[in-house]
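# Descriptive analysis of the structure
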Amino acid sequence: MGNCCSDVAGGQSAVGGTGIYHGNQANAPNEAVDAFLKSRGYQGLYSQIELSLSATSLRDRDVLSKSDPMAVLYSKEKDGSLKELSRTEVVLNSLNPKWITKYTMAYYFETVQNLVFHVYDIDTQFHNQDVKMLKLEEQDFLGEASCILAQIVTKSDRSLTVDLVCGEQSSGQAHAQKFGKLTVFAEESISSKTTVELRLRCSELESKDLFSKSDPFLVVSKITESGIVVPICKTEVIKNDHSPIWKAVFLNIQQIGSKENPLIIECYDFNSNGKHSLLGKIQKSLLDLEKLHSAGIGANLFVPTAMGPKQESKVLKSQLFVESYSEKIQYTFLDYLASGYELNFMVAIDFTASNGNPRLPDSLHYIDPSGRPNAYQRAILDVAEVLQFYDTDKRFPAWGFGARPIDGPVSHCFNLNGSSSYCEVEGIQGIMMAYMSALHNVSLAGPTLFGPVITSAAHIASQSLTNNVRKYFVLLIITDGVITDLQETKDALVQAADLPLSILIVGVGGADFEEMEILDADKGESLESTTGRIAVRDIVQFVPLRDVQNGDVSVVQSLLAELPSQLLEYMRFRKIQPTFLSYKKCTYIC
């Protein structure tokens, strides 16, 4: 998967290229990456996937010869409708066709991409027609198959074979008649792996602060064909420096389009209130930046002085230099999946009293008799629906915190299944059943502490690392309140940043979640422990449910968009390369 995360602590956050970003006027609030992430109006980084199709043992619908099959690929939309994506060519006289026509599509980690395939026998009288013009209802239907794109890309050989069934039988009957098999092979585009590593510096930046130097950081954006400016990554913030040298950033060629496509590089003075001041900007392509590096020269930044049809700008003394420039083929997220790495989902649920009495409809834990999920159930279902395809055994550690189990003291990390010896449950349904059971067997209490559940998750991740198990862990914490152990949580996160672990936090209800934003280090400040140790990477992503529930982007997209980049950052931090050896499995005891 394309990646533009720095390999080192304090690196930049990555955002995808599907949202709209409107450039800032001089001295206006900078919406760049921080506000862009906060608005959640984007999808994460993606990979271009080329699908190839073949089939075996198809039905023979012709009398004097074999069938002449063609395959049609659809995406299944949220409302259940089918959207046609592509048609293959017609293979003459074959029950075991290998179609040449390929279909290239974008793979998005954070969404469930449902694919449906229909296979038809094309009548002889239509063989001279363009396949796009064929009326499918006039052809003989040979069968259909469906799968999730994630099921294909997680296979070691990136291929999946599924049964073809009759359309009328494929839904509603448990034992549908089989009519051959369809194999789907996915190959990642090489452009998804080609990455440019840049190390940038500036000289003679202006000061926007009265009593100190500026705290500069860079935002790199691309210009789309329609002229929209879309941020793709940012550097870390360097404190009190007018000649900063930032850590390396990585730009994926596919994400940019080509080396000739223009990029906007903006330099801002960081302000904790989010209203960052523009120090200067420049427009250059990757090809231009490569030439600057080769020549060892800088390019002057400018600031816009007037907007409108006749845009004017002021050239500054400040210059941008390219300290290092290199192109390389990087291992991608999909490479690690193909080599056996899995994502293990874990969940921790807030049972503090501030959620309200679960028996009353105004409680955040209220179980609606109509079956409508509450905020906790919705978050679990949405995230687990995506992550379940990346874990073969589907055994998920699940905890609760902030409640008093029967005849016991308040616990800030108890096994959701009620067991005293193990914490795992079976699948999504196991989480939901354990959650509803816990609501009847614990008394809501408090305060809200994150430290114990993060420590428990980190223990499992550490155990996995010690046993050389190819797993990366994803802990979902769902909470309604303000945490009371902020520094202890920071300490736990700094320790956990060394481990194969990411933490997703969903805030439900109307509480003040300002401290959650501190844990989500997208605002430029890396987490620091009580001993002064800085987190080696950012592993937290926080989303307040109220900010996304009325928007076009789902909670799961907002939470998971950064996860592939966090996994890649961990692998590069540990210098782990994907291999294709067999790997161990283990059971976690909590």
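Scroll up to find the structure this text is about.
Below or above, wherever it landed, is the structure these notes cover. (Residues numbered from 1 in each chain as written. Predicted model: local features only at pLDDT ≥ 70, side-chain atom pairs only at ≥ 80, totals over all residues. Heavy atoms only, no water.)

### Notes on the overall build of the protein chain
Put simply, the rule reads: In DSSP terms, a helix is any run of H or I states spanning at least four residues, a strand is any run of E spanning at least two, and both are numbered starting from the N terminus. For each residue, the accessible area found with a 1.4 Å probe, counting protein chains only, is set against the maximum for its type, and the residue is called buried under 20%, exposed over 50%, and partly exposed in between. Note on contacts: a residue pair is in contact if any heavy atoms of the two residues lie within 4.5 Å. Here, Shrake-Rupley sampling with a 1.4 Å probe gives the accessible areas, and only protein chains in the shown set may cover a residue.
Of regular secondary structure, the protein chain possesses 13 helices and 25 strands. Sorting the 590 residues of the protein chain into buried and exposed places 54% on the buried side. A separation of at least 24 residues holds for 73% of the contacts in the protein chain among residues at least 6 apart in sequence. Approximately 25,300 Å² of the protein chain is accessible, and the part contributed by carbon and sulfur atoms is 50%.

### As for the packing of aromatic side chains
Which entries qualify depends on this criterion: Any two rings among Phe, Tyr and Trp, with Trp reduced to its six-membered ring, count as a pair given centres within 6.5 Å; such a pair is stacked if its planes are under 30 degrees apart, edge-to-face if over 60, and tilted if neither. Whether a charge lies above a ring is judged from NZ of Lys or CZ of Arg, which has to be within 6 Å of the ring centre and within 35 degrees of the ring normal.
In the structure shown here, the tally under the stated rule is 14 aromatic pairs. Taking the centre distance of 5.8 Å and the plane angle of 70° together, the rings of Tyr336 and Tyr341 count as edge-to-face. Each member of the pair, Tyr336 together with Tyr341, is buried. By the ring-pair criterion, three or more aromatic residues cluster together here, those being Phe351, Tyr376, Phe414 and Tyr435. A cation sits over an aromatic face here: Arg572 above Phe250, 5.8 Å from the ring centre.

### Observations regarding the packing of helix H8 (residues 451–466) against helix H9 (residues 486–496)
For clarity, the cut-off: Fitted lines through C-alpha atoms serve as axes, helices being fitted only where they are in contact, and the angles separating the N-to-C directions of these axes extend from 0 to 180 degrees. Angular relationships are summarised with four words: roughly parallel below 35 degrees, roughly antiparallel beyond 145, roughly perpendicular across 65 to 115, and oblique for the angles in between. Note on convention: the crossing is left-handed when the near helix lies turned anticlockwise from the far helix by less than a right angle, right-handed when the turn is clockwise. Three categories are distinguished: nonpolar for Ala, Val, Leu, Ile, Met, Phe, Trp, Tyr, Cys and Pro, charged for Asp, Glu, Lys and Arg, and polar for the others, with Gly belonging to the last.
Two numbers describe how H8 lies on H9: the axes approach to 9 Å, and their chain directions differ by 15°. Here H8 lies roughly parallel to H9, going by the angle between them. Considering the relative orientation of H8 and H9, their crossing is left-handed. Packed against H8, whose contacting residues are Gly451, Ile454, Thr455 and Ala458, the element H9 presents Thr489, Ala492, Leu493 and Ala496 at the interface. A per-class count over the contact of H8 with H9 returns five nonpolar, three polar and no charged.

### So, the pairing of strand E2 (residues 69–76)
Our working definition: Pairing between two strands is assigned when DSSP locates at least 2 bridges connecting them.
Judged by how many residues are buried, E2 sits mostly within the fold: seven of eight residues are covered. Across seven bridges, the pairing between E2 and strand E5 (residues 114–121) is antiparallel. Of the residues in E5, the one forming a bridge with Met70 is Tyr120. For E2 and strand E3 (residues 82–87), the ladder comprises five bridges, and the chain directions are antiparallel. Opposite Tyr74, over in E3, you have Glu84 as the bridge partner.

### Quick look at the environment of Val555
Tracing the sequence through the fold places Val555 in helix H12 (residues 555–560). It is 8.1 Å that separates the C-alpha atoms of Val555 and Val383, two residues lying 172 residues apart in sequence.

### Quick notes on the packing of helix H6 (residues 375–387) against helix H7 (residues 427–441)
Two elements in contact, H6 and H7, have axes whose closest approach is 10 Å; the angle formed by their N-to-C orientations is 165°. As far as their axial angle goes, H7 and H6 are roughly antiparallel. Between H6 and H7 lies a crossing whose hand is right-handed. The residues of H7 that touch H6, namely those facing Tyr376, Gln377, Ile380, Leu381, Ala384 and Glu385, are Ile428, Ile431, Met432, Tyr435 and Met436. Grouping the amino acids of the contact of H6 with H7 by side-chain chemistry returns nine nonpolar, one polar and one charged.

### Some details on the pattern of salt bridges
Pairing between side chains becomes possible if they bear opposite charge and their charged atoms approach one another. Applicable threshold: Basic side-chain nitrogens of Lys or Arg form a salt bridge, by our definition, when they fall within 4 Å of a carboxyl oxygen of Asp or Glu.
This model, assessed by the stated rule, comprises 16 salt bridges. In this structure, Glu84 engages Arg87 in a salt bridge whose closest nitrogen and oxygen atoms are separated by 2.6 Å. On the basis of relative accessibility, which here comes to 36%, the residue Glu84 falls in the partly exposed class. The class for Arg87 is buried, based on a relative accessible area of 15%. With a closest N to O distance of 2.3 Å, Arg533 and Asp498 form a salt bridge. Within this pair, whereas Arg533 is found in the loop between helix H10 (514–519) and strand E25 (540–544), its partner Asp498 is found in the loop between H9 and strand E24 (501–507), the two being separated by 35 residues in sequence. Three or more residues joined by partner-sharing salt bridges are found here, namely Arg158, Glu188 and Asp335.

### A few points about the nonpolar core
Short version of the rule: Residues enter a nonpolar core if they are buried and are Ala, Val, Leu, Ile, Met, Phe, Trp, Tyr or Cys, with the set joined through side-chain atoms within 4.5 Å.
Counting residues in hydrophobic clusters, the biggest one holds 81 residues, and the most contacted among them are Tyr107, Phe351 and Leu560. Among the elements that make up this core, the one with the highest residue count is H6 (eight residues).

### Side note on the environment of His276
Among the secondary structure elements, His276 is positioned in the loop between strand E13 (262–269) and strand E14 (277–285). Taking relative accessible area as the criterion, His276 reaches 2% and is therefore assigned buried. Remark: the alpha-carbon pair of His276 and Asp215, spanning 61 residues in sequence, is separated by 9.7 Å.

### Topic: the side chain of Gln388
Summarising the element assignment, Gln388 is placed in the loop between H6 and strand E18 (395–401). Accessibility expressed as a relative area gives 18% for Gln388, which makes it buried. Setting aside its immediate chain neighbours within four residues, Gln388 contacts Lys394, Phe396 and Ile428.

### Quick notes on H6
What counts here: Residue count minus one, scaled by 1.5 Å, sets the expected span of a helix. Throughout this description, a polar contact denotes any pair of N or O atoms lying within 3.5 Å of each other; where both atoms belong to protein, one of them has to be capable of donating a hydrogen while the other can accept it, and for residues adjacent in sequence the pair is counted only when both atoms sit in side chains.
Its 13 residues place the ends of H6 18 Å apart at the C-alpha level, agreeing with the 18 Å of an ideal helix rising 1.5 Å per residue. Burial of H6 is extensive: 10 of the 13 residues sit out of reach of the surface. Every buried residue belonging to H6 is among Ala375, Tyr376, Gln377, Ala379, Ile380, Asp382, Val383, Ala384, Val386 and Leu387, and all of these are buried. Where H6 begins, the capping side chain belongs to Asn374, and its oxygen is found 3.0 Å from the backbone nitrogen of Tyr376.

### Notes on the pairing of strand E11 (residues 229–234)
Where burial is concerned, most of E11 is hidden: six out of the six residues are buried. With five bridges connecting them, strand E10 (residues 216–223) and E11 associate as antiparallel partners. When the sheet's bridge partners are listed, Ser221 is paired in E11 with Pro231. What sits between the antiparallel neighbours E10 and E11 is a turn of five residues, in which Gly227 has the positive phi angle 90°.

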